[in-house]
2 protein chains.
Amino acid sequence: MTVSRTADPNVSKPARAAREPADAPEAEAGGIRMGELSELLGYSLKRAQLRVFDDFIRCMTSLNLTPAQFSVLLLIDRNPGRNQTEIASTLGILRPNFVAMLDGLEGRELCVRVRSANDRRSHILMLTDKGRTILARAKKLVATRHEARLNEVLGPANRAALLEMLATLARDF
Amino acid sequence: MTVSRTADPNVSKPARAAREPADAPEAEAGGIRMGELSELLGYSLKRAQLRVFDDFIRCMTSLNLTPAQFSVLLLIDRNPGRNQTEIASTLGILRPNFVAMLDGLEGRELCVRVRSANDRRSHILMLTDKGRTILARAKKLVATRHEARLNEVLGPANRAALLEMLATLARDF
DNA sequence: TATTGTTATACTCTATAACTATA
DNA sequence: TATAGTTATAGAGTATAACAATA
């Protein structure tokens, strides 16, 4: 295998990127240069998403709800009378994968599947009283712990601007 | 199982959220109300991240590089002489999972593992000539297709603001 | 023939324990 | 004893094909 580069950093270091002036040293993490990675939107997007989800899960430990479960409960509550296909596809969940997810929520008695009278193939989804109670508590935790902390770190104006740009990406990109 | 809510949307619809004035109708997706999901940063973060990664992969089809593989090649190139643990941990990849990833890159002759002379336990990572060629082409594709399109959709100023907020979240949140 | 929910299955990511060879 | 790379493994998440019931 051909390896023309030597192990000497001074010999093998690539030329500094044009957009990195000499007085603005390149971003590092633990002494390792991040290179163009600091400018790659997808990379920061992924890292930020993992952090935010971790915090969400931490805020929800008492209720034991994942982000996906929370979004499903929210959508069922807001859209009574919808079936599995409609709720799943809205969230980008494939129908086969939605089955186990609903089994879990129904097993915890947070929601129920009811055969539709109109179309006996489909299952109408609705929250149980317990499901509505949990959802209400979850919303409160999200607002007072999770989103409140995001507001602290970003500031309200930045938070709103960020949300709109992310929505733009999800919609138009 | 107790289900107090009826199937009638008018009866069971929850009160409109306080922050949604009557003249700003709630966001919908295919006729389904998104509820508080439109205001949940983590949700938009995830959807945006999936879109951006999909586009990245599409732009890279000719080189067959995933975002993770691209970031590994970039970091190896920028940090000659580093071992697997250092590169992997910088990217948030667990050492056991980094093995198969490197097997793939080394199998394609894009990089090599070399036993360190100082510490014969560790493998120094470096790109091959082929690896450097592929990386250069990948960078060009990312800049001219992927990031260029992000710039179109967001505008340069917004793109920069978004990147900084995401970096803030990844760092301080 | 088409659609809903479902099963089976597979592939990727991620996470942990434990082994080996070195230190 | 501690660390680097590795193996094995298990769990999520995601993807497709195909089946039964129903339209």
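Here goes a summary of the coordinates provided. Everything numeric in this text was worked out from a predicted model, so none of it was measured. (Residues numbered from 1 in each chain as written. Chains lettered and ligands numbered in written order. Predicted model: local features only at pLDDT ≥ 70, side-chain atom pairs only at ≥ 80, totals over all residues. Heavy atoms only, no water.)

This part is about the interface of chain B and chain A. At the junction of the two partners, chain B supplies 81 residues and chain A supplies 81 residues. Regarding the contact of chain B and chain A, the summed buried area is about 7600 Å², with carbon and sulfur atoms giving 68% of it. Of all residues in chain B, the largest losses of buried area upon contact with chain A belong to L41(B), R78(B) and F173(B), amounting jointly to 12% of the total for that side. A salt bridge links E39(A) to R159(B); its shortest N-O distance comes to 4.0 Å. Counting across the chain B and chain A interface gives 20 residue pairs in polar contact (both at pLDDT 80 or more). (Contact = heavy atoms within 4.5 Å. Buried area = accessible area lost by both parts, 1.4 Å probe. Salt bridge = Lys/Arg side-chain N within 4 Å of Asp/Glu carboxyl O. Polar contact = N/O pair within 3.5 Å; in protein donor to acceptor, adjacent residues only side chain to side chain.)

A few words now on the packing of helix α2 (residues 41–59) of chain A against helix α2 (residues 41–59) of chain B. Closest axis-to-axis distance for the α2(A)/α2(B) pair is 9 Å, and the angle between their directions is 150°. Between α2(A) and α2(B), the angle falls in the class roughly antiparallel. Of the two possible hands of crossing, α2(A) and α2(B) adopt the one that is left-handed. Every residue of α2(B) that contacts α2(A) at G42(A), L45(A), K46(A), A48(A), Q49(A), V52(A) and F53(A) is listed here: G42(B), L45(B), K46(B), A48(B), Q49(B), V52(B) and F53(B). Its residues assigned to classes, the contact of α2(A) with α2(B) comprises eight nonpolar, four polar and two charged. (Axes fitted to C-alpha atoms, helices over the stretch in contact; angles between N-to-C directions. Helix = DSSP H or I, 4+ residues; strand = E, 2+ residues; numbered from the N terminus. Parallel < 35°, antiparallel > 145°, perpendicular 65-115°, else oblique. Left-handed = near helix turned anticlockwise from the far one by under 90°. Nonpolar A, V, L, I, M, F, W, Y, C, P; charged D, E, K, R; others polar.)

To continue, consider helix α5 (residues 95–107) of chain A. Residue and element names in this part refer to chain A. Here α5 spans 18 Å end to end across 13 residues, near enough to the 18 Å set by a 1.5 Å rise per residue. Regarding α5, the residues found buried are F98, M101, L102 and L105. The first or second residue beyond α5 is E109, which carries a positive phi of 60°. (Expected span 1.5 Å × (residues − 1). Buried < 20%, exposed > 50% of the residue type's maximum accessible area, 1.4 Å probe, protein only.)

All names here are of chain A. Checked against the element boundaries, L125 lands in strand β4 (residues 123–127). Distance from L125 to P80, taken between C-alpha atoms, is 6.9 Å for residues 45 residues apart in sequence. Look past the residues within four positions of L125 in its chain and what remains in contact with it is I76, G81, R82, N83, Q84, I87, F98, L102, V112 and R113.

Each copy of the sequence occupies a distinct position, and chain B is placed on chain A by a rotation of 180° and an axial shift of 0.0 Å, giving an RMSD of 0.0 Å. Viewed as a symmetry operation, the transformation between the two copies matches a two-fold axis. The position closest to the rotation axis in chain B is occupied by the C-alpha of L162(B), lying 3.2 Å away. (Least-squares fit on C-alpha atoms with pLDDT ≥ 70 in both.)

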